[in-house]
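Fold and contact review
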2 protein chains.
Amino acid sequence: MKALVLLGHGARDPVWAEALERVRAALLDACPEATVELAFLEFMSPTLSEAVDALAARGATRVDIVPVFLARGGHMQRDLPVLLDELRRRHPGCELRLAPVAGEAPGVIAAIAAHAAAQARLD
Amino acid sequence: MKALVLLGHGARDPVWAEALERVRAALLDACPEATVELAFLEFMSPTLSEAVDALAARGATRVDIVPVFLARGGHMQRDLPVLLDELRRRHPGCELRLAPVAGEAPGVIAAIAAHAAAQARLD
């Protein structure tokens, strides 16, 4: 079984998680059979470790982790590699792959620009 | 003159600002005549106040502020309304409009989901 984890920063306000829930809903609309879990670095649960542990226990042999971040800040550059090393040692039978952050994807950049232009009626 | 401000959270790592620079570049590709400035809530400059003060000094009569955030967290709900009130009092001749956060735009959600699906080769 392969799975996808949408990894968000997390926030104190529970409404924040709706951003990731919206992305998960869009993914499941397009791929109803997919296994898509959320995970958070701070404030919210499950943590990435909890999410990956649970997926491995369910028999996942590959987990793609997609950071739903605008940019690679300190979390992406420092914390996440350490956490991934630890998870890979704990789950040798499960391939863990880290995708580029969403904010670096050309389609995402174009969509944010289109949103901004529409809001400001620039075009 | 009307202008657009892309408002980001900001981070300690200067590389973080590249996310907003990419969005600005995409906007200017589509609308080369637009006035598009960046502003940050934390760690980076200019602040929103500095950006709006500078635009008002250049004669802006309308500034659309587009929060390049994934979700409305504490900053959007608590800090930003207070800051906007203060800026509106300071610049009565300049209409300040706050757009919905980028992460709530259906096009942005769809683009993040498409990025995730492509990374995980779900489709």
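This text goes with the structure placed above it.
Now for a quick tour of the structure. These figures come from a predicted structure and were not determined experimentally.

**Examining the relation of the copies chain B and chain A**
Turning chain B through 180 degrees and shifting it by 0.0 Å along the axis lays it on chain A, with an RMSD of 0.0 Å. Taken together, the rotation and translation describe the operation of a two-fold axis. When the interface residues of chain B are mapped onto chain A, 100% of them again lie at the interface, so the same face is used by both copies.

**Topic: the interface of chain B and chain A**
Each partner contributes residues to the interface: chain B has 44 residues there, and chain A has 44 residues. With both chains or domains summed, chain B and chain A bury close to 3800 Å², and 72% of this area falls on carbon and sulfur atoms. Across the contact surface, chain B and chain A share zero salt bridges. Looking at the side of chain B that touches chain A, the elements with two or more residues in it are strand 1 (2–8), helix 1 (18–30), strand 3 (62–67) and helix 4 (106–120) of chain B. Ranked by residue count, the leading element in the side of chain B that touches chain A is helix 4 of chain B, at 11 residues. Class assignment for the residues of the side of chain B that touches chain A results in 29 nonpolar, six polar and nine charged.

**Regarding helix 4 (residues 106–119) of chain A**
Here helix 4 of chain A spans 20 Å end to end across 14 residues, near enough to the 20 Å set by a 1.5 Å rise per residue. When we look at burial in helix 4 of chain A, the residues that qualify are Val108(A), Ile109(A), Ala111(A), Ile112(A), Ala113(A), His115(A), Ala116(A) and Ala117(A). Tucked into the core, helix 4 of chain A has its buried residues touching strand 1, helix 1, strand 3 and helix 4 of chain B. Arg121(A) occupies a position one or two residues after helix 4 of chain A and carries a positive phi of about 45 degrees.

**A short note on the sheet that holds strand 2 (residues 36–40) of chain A**
By definition, the strands of a sheet pair up through backbone hydrogen bonds, in either a parallel or an antiparallel sense. On the basis of which strands lie adjacent, the open sheet formed by four strands has the order 2-1-3-4 (chain A) and parallel pairing. Of all strands in the sheet, those bounded by a partner on one side alone are strand 2 and strand 4 (95–98) of chain A. Ignoring which end each strand starts from, the neighbouring axes of this sheet average 25 degrees apart. Taken together, the six bridges between strand 1 (residues 2–8) of chain A and strand 3 (residues 62–67) of chain A define a ladder with parallel strand orientation. Within strand 3 of chain A, the position partnered with Leu7(A) by the bridge is Pro67(A). Helix-sheet contacts for helix 2 (residues 48–57) of chain A involve strand 1, strand 2, strand 3 and strand 4 of chain A, and the interaxial angle to strand 2 of chain A is about 150 degrees. Packed on one face of the sheet, helix 4 of chain B meets strand 1, strand 3 and strand 4 of chain A and runs near 150 degrees to strand 3 of chain A.

**Regarding the pattern of salt bridges**
All names here are of chain A. Going through the model one piece at a time under the given rule, you end up with 16 salt bridges over all chains. The salt bridge involving Glu104 is made with Arg72; its shortest N-O contact spans 2.7 Å. On the criterion of sequence distance, the pair formed by Glu104 in the loop between strand 4 and helix 4 and Arg72 in the loop between strand 3 and helix 3 (74–90) is long-range, its members being 32 residues apart. Judged by its relative accessible area of 26%, Glu104 is partly exposed. Across the pair Arg90 and Glu86 runs a salt bridge whose closest N-O atoms are separated by 3.4 Å. Linking Arg90 with Glu86, this pair stays in helix 3, spanning four residues, or about one helical turn. What makes Arg90 partly exposed here is its relative accessible area of 37%. Exposure remark for Glu86: the relative accessible area of 35% places this residue in the partly exposed category. Here the residues in one salt-bridge network are Glu21, Arg24, Glu37 and Arg58, joined through shared partners.

Each value, and the rule that gives it
Residues numbered from 1 in each chain as written. Chains lettered and ligands numbered in written order. Predicted model: local features only at pLDDT ≥ 70, side-chain atom pairs only at ≥ 80, totals over all residues. Heavy atoms only, no water. Least-squares fit on C-alpha atoms with pLDDT ≥ 70 in both. Contact = heavy atoms within 4.5 Å. Buried area = accessible area lost by both parts, 1.4 Å probe. Salt bridge = Lys/Arg side-chain N within 4 Å of Asp/Glu carboxyl O. Helix = DSSP H or I, 4+ residues; strand = E, 2+ residues; numbered from the N terminus. Nonpolar A, V, L, I, M, F, W, Y, C, P; charged D, E, K, R; others polar. Expected span 1.5 Å × (residues − 1). Buried < 20%, exposed > 50% of the residue type's maximum accessible area, 1.4 Å probe, protein only. Pairing = 2+ DSSP bridges. Axes fitted to C-alpha atoms, helices over the stretch in contact; angles between N-to-C directions.

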